[in-house]
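Here's the letter readout for the chains.
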Amino acid sequence: VSRLTFSLSNRTAGIMTDAAFSDALPSDGVTGGQLIIAPIPNAPTSCGPAVLTATPGDRSSSMSGGVGPGRANGGAGQAGSCEVAVNVVGPAGTYDNTVSATGNTINADGSGPVAVADTSNTATLTYSSALTVAKQFTPDAVSSGGASEVIVRVANGGSAQLTGVEITDALPAG
């Protein structure tokens, strides 16, 4: 499970309103592996009364109606921000995820809303396999009719228990 976090920043003095995004989770582009929303999405948001959609097994997430603070010190300080996070899972691979966001701001004098230009950003996730396997013949060379022992080692490099692991080893003819 990996944690995908969206940080929405507001560089204006007024509050951010109607913040929204729709994120189509990527495939790895090589093997066709696909990121999906994890069985337990654990999807909190600090973007006010936003409506967040993150359904387990889906290939996308979205948010609408987000609200975030304005820039500190009347627009001269640190940018205001809010976050949305969601758990995702997928097979081993490299995933380039691009998301676009929209929203409005309310001016410091209370006028508005003013539409904010669409913005986007890309992040890369490299998902490594937790399951590894190694195979060794001892000895690795024998005469015709000789015997060799094969050792197959399976290891879990992750922190979670793996279930349903099966090994099939078709030995070569000869």
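In case you missed it, the structure is sitting above this.
Calculation notes
Residues numbered from 1 in each chain as written. Predicted model: local features only at pLDDT ≥ 70, side-chain atom pairs only at ≥ 80, totals over all residues. Heavy atoms only, no water. Helix = DSSP H or I, 4+ residues; strand = E, 2+ residues; numbered from the N terminus. Pairing = 2+ DSSP bridges. Axes fitted to C-alpha atoms, helices over the stretch in contact; angles between N-to-C directions. Buried < 20%, exposed > 50% of the residue type's maximum accessible area, 1.4 Å probe, protein only. Contact = heavy atoms within 4.5 Å. 1 Å grid on protein atoms, 1.4 Å probe; cavity = no way out; pocket = protein on both sides within 12 Å on 5 of 7 lines; lining within 4 Å. Points joined across faces, edges and corners; volume = space filled by probe spheres on them. Nonpolar A, V, L, I, M, F, W, Y, C, P; charged D, E, K, R; others polar. Disulfide = S-S within 2.5 Å.

**Considering unusual backbone geometry**
Then step 1. Cis geometry is adopted by the peptide bond preceding Pro 113, which originates at Gly 112 and carries an omega value of 10°.
Then step 2. As for its position among the elements, Pro 113 is in the loop between β7 (93–105) and β8 (114–127).
Then step 3. The residue Asn 73 is not glycine, and still its phi comes out positive at about 55°.
Then step 4. Following the sequence through the fold, Asn 73 ends up in helix α1 (residues 72–75).

**A look at the sheet that holds strand β2 (residues 16–24)**
Then step 1. If you walk across this open sheet you meet the five strands as β4-β5-β2-β7-β8, and the pairing is antiparallel. Here the strands that pair on one side only, and so sit at the sheet edges, are β4 (51–53) and β8. Looking at each pair of strands side by side, their axes are set apart by 15° on average, direction ignored.
Then step 2. Pairing of β4 with strand β5 (residues 60–68), which is carried by three bridges, proceeds in the antiparallel orientation. Residue pairing for β5: Val 51 is matched across the bridge by Ser 64.

**With respect to the side chain of Ser 61**
Then step 1. Topologically, Ser 61 is positioned in strand β5.
Then step 2. Relative accessible area serves as the criterion here: at 3%, Ser 61 is assigned to the buried category.
Then step 3. If we skip the residues at most four places from it in the chain, Ser 61 touches Phe 6, Phe 21, Ser 22, Asp 23, Ile 37, Thr 53, Ala 54 and Val 86.

**Some points on the layout of surface pockets**
Then step 1. In this model, the largest pocket occupies a volume close to 640 Å³.
Then step 2. Taken together, 26 residues make up the lining of the largest pocket; nearest its centre are Ser 7, Leu 8, Ser 9, Ala 101 and Thr 119.
Then step 3. Listed by contribution, the elements that provide at least two residues to the lining of the largest pocket are β1 (2–10), β2, β7 and β8.
Then step 4. Of the residues forming the lining of the largest pocket, the biggest block, eight residues, is contributed by β7.
Then step 5. Tallied by class, the residues present in the lining of the largest pocket amount to ten nonpolar, 15 polar and one charged.

**As for the sheet that holds β1**
Then step 1. Strand order in this open sheet of three strands is β1-β6-β3, and the pairing throughout is antiparallel. Edge positions in the sheet fall to β1 and β3 (36–37), since each has one partner strand and no second.
Then step 2. Inspection of the sheet shows β3 paired to strand β6 (residues 80–89) by two bridges, in the antiparallel sense. Each bridged residue has a counterpart across the sheet, and for Ile 36 the counterpart in β6 is Val 89.

**So, the state of the cysteines**
Then step 1. A complete count under the given rule lists one disulfide for this structure.
Then step 2. Disulfide pairing places Cys 47 opposite Cys 82 at an S-S distance of 2.1 Å. What sets the handedness of the Cys 47 and Cys 82 disulfide is the S-S torsion sign, and at about 95° it is right-handed. Of the two residues, Cys 47 is situated in the loop between β3 and β4 and Cys 82 in strand β6; the sequence distance between them amounts to 35 residues. For the residue pair Cys 47 and Cys 82, the accessibility class agrees, reading buried in each case.

**Examining the environment of Pro 139**
Then step 1. Counting through the fold element by element, Pro 139 comes out in the loop between β9 (131–138) and β10 (149–156).
Then step 2. Among the residues examined, Pro 139 registers a relative accessible area of 43% and is labelled partly exposed.
Then step 3. Measuring from C-alpha to C-alpha, the distance between Pro 139 and Ser 111 comes to 81 Å, with 28 residues separating the pair along the chain.
Then step 4. Leaving out residues up to four positions away in the same chain, Pro 139 has contacts with Ala 147 and Ser 148.

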